[in-house]
Amino acid sequence: QVQLKESGGGLVQAGESLRVSCLASGSIFSTNDMGWYRQAPGKQRELVAAITSSGSTNYADSVKGRFTISRDNAKNTVYLQMNNLKPEDSDVYYCYLRNSWGTRWGQGTQVTVSS
C-alpha cells in the first residue's frame, strides 16, 4: 500500500509564507502524478497544484504566481511552497499520488491564515 505523510501546516499571518511537504512510501511506481487539493468546511474541494513525474505543473488560477509545486523523485516527496498567503487560503490541504493502480490520499494538514 502507498502511504502519504503530510507535514508543514500551521498558523501564519496574511502575507507570510509556508511550505507543506508530502512524503510517499510503500508500493510506489516510478511514473506518477502528485499534487495538492484543499477543502474548507462547507466548501468545494479544489485542485491547488499538480506535478507529473517529468516536472510538468498545473495550478489553480487563485494561486498562480504565489504557490509553487515541486518534487524530489529520489525521495518520493512533493512540496508546495505557498507565498503571500491570504485568509482565503485557509483550509485543509490534502496530498495525493496517482499512478496506474489508482489514487491515494494523505490525511491532510491544516493551514490557517489570519488577517
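Basis of the calculations
- Residues numbered from 1 in each chain as written.
- Predicted model: local features only at pLDDT ≥ 70, side-chain atom pairs only at ≥ 80, totals over all residues.
- Heavy atoms only, no water.
- Helix = DSSP H or I, 4+ residues; strand = E, 2+ residues; numbered from the N terminus.
- Rg over C-alpha atoms; globule rule 2.2 N^0.38 Å.
- Buried < 20%, exposed > 50% of the residue type's maximum accessible area, 1.4 Å probe, protein only.
- Contact = heavy atoms within 4.5 Å.
- Areas by Shrake-Rupley, 256 points an atom, 1.4 Å probe, with all protein chains shown as cover.
- Lys, Arg positive; Asp, Glu negative; His and termini not counted.
- Charge placed at Lys NZ, Arg CZ, Asp CG, Glu CD.
- Disulfide = S-S within 2.5 Å.
- Pairing = 2+ DSSP bridges.
- Axes fitted to C-alpha atoms, helices over the stretch in contact; angles between N-to-C directions.
- Salt bridge = Lys/Arg side-chain N within 4 Å of Asp/Glu carboxyl O.

Student: Looking at this model, I keep getting lost on the overall build of the protein chain. Mind explaining?
Tutor: When helices and strands are counted, the protein chain shows zero helices and eleven strands. Overall, the protein chain shows an N-to-C arrangement of helices and strands of β-β-β-β-β-β-β-β-β-β-β. A compact globule built from 115 residues would reach a C-alpha radius of gyration of about 13 Å, and the protein chain, at 13 Å, matches this within 12%. Based on the C-alpha atoms only, the size of the protein chain along its principal axes is roughly 40 × 25 × 25 Å. Looking at the protein chain residue by residue over its 115 residues, the buried ones come to 38%. The contacts in the protein chain between residues at least 6 apart in sequence include a share of 52% that link residues at least 24 apart. Surface exposure of the protein chain reaches about 6,400 Å², of which carbon and sulfur atoms provide 44%. Across the protein chain, 12 positive and 9 negative side-chain charges occur, with their mean positions spaced 5 Å apart.

Student: Mind showing me how you'd approach the state of the cysteines here?
Tutor: Here a disulfide denotes one covalent bond, and it connects the sulfur atoms of two cysteines. The full count for this structure, using the stated rule, is one disulfide. Here Cys22 is linked by a disulfide to Cys95, with a sulfur-sulfur distance of 2.1 Å. Taking the torsion about the S-S bond as the criterion, the Cys22 to Cys95 disulfide, at about -85 degrees, is left-handed. Taken together, the positions of Cys22 in strand β3 (residues 18-26) and Cys95 in strand β9 (residues 91-99) put the pair 73 residues apart, joining distant regions of the chain. The pair formed by Cys22 and Cys95 is uniform in burial state, with each residue classed as buried.

Student: Just checking my understanding: could you explain the sheet that holds strand β7 (residues 67-72) for this structure?
Tutor: Two pairing modes exist for strands in a sheet, parallel and antiparallel, and in both the strands are linked by backbone hydrogen bonds. Ordered by their spatial adjacency, four strands build an open sheet running β1-β3-β8-β7, and the pairing between neighbours is antiparallel. Pairing within the sheet leaves two strands with one partner each, and these edge strands are β1 (2-7) and β7. Between one strand axis and the next, the sheet turns by 15 degrees as a mean value, whatever way the strands run. Sheet topology note: the β7/strand β8 (residues 77-82) ladder contains six bridges and is antiparallel. When the bridges of β8 are listed, Thr68 appears paired with Gln81.

Student: Is there a simple way to think about the pattern of salt bridges in this case?
Tutor: Pairing between side chains of opposite charge can happen when their charged atoms approach one another. Summed over the entire model, instances satisfying the criterion amount to six salt bridges. For Glu46, the salt bridge goes to Arg38, with nearest N and O atoms at 2.8 Å. Relative accessible area serves as the criterion here: at 27%, Glu46 is assigned to the partly exposed category. By relative accessible area, which is 4% here, Arg38 ends up buried. Residues Asp91 and Arg38 are paired through a salt bridge, measuring 3.7 Å at the closest nitrogen-oxygen approach. Of this pair, Asp91 sits in strand β9 while Arg38 sits in strand β4 (residues 33-39); the two residues are 53 residues apart in sequence, bridging distant segments of the chain. Put simply, Arg38, Glu46, Arg66, Asp89 and Asp91 are held in one network by salt bridges that share partners.

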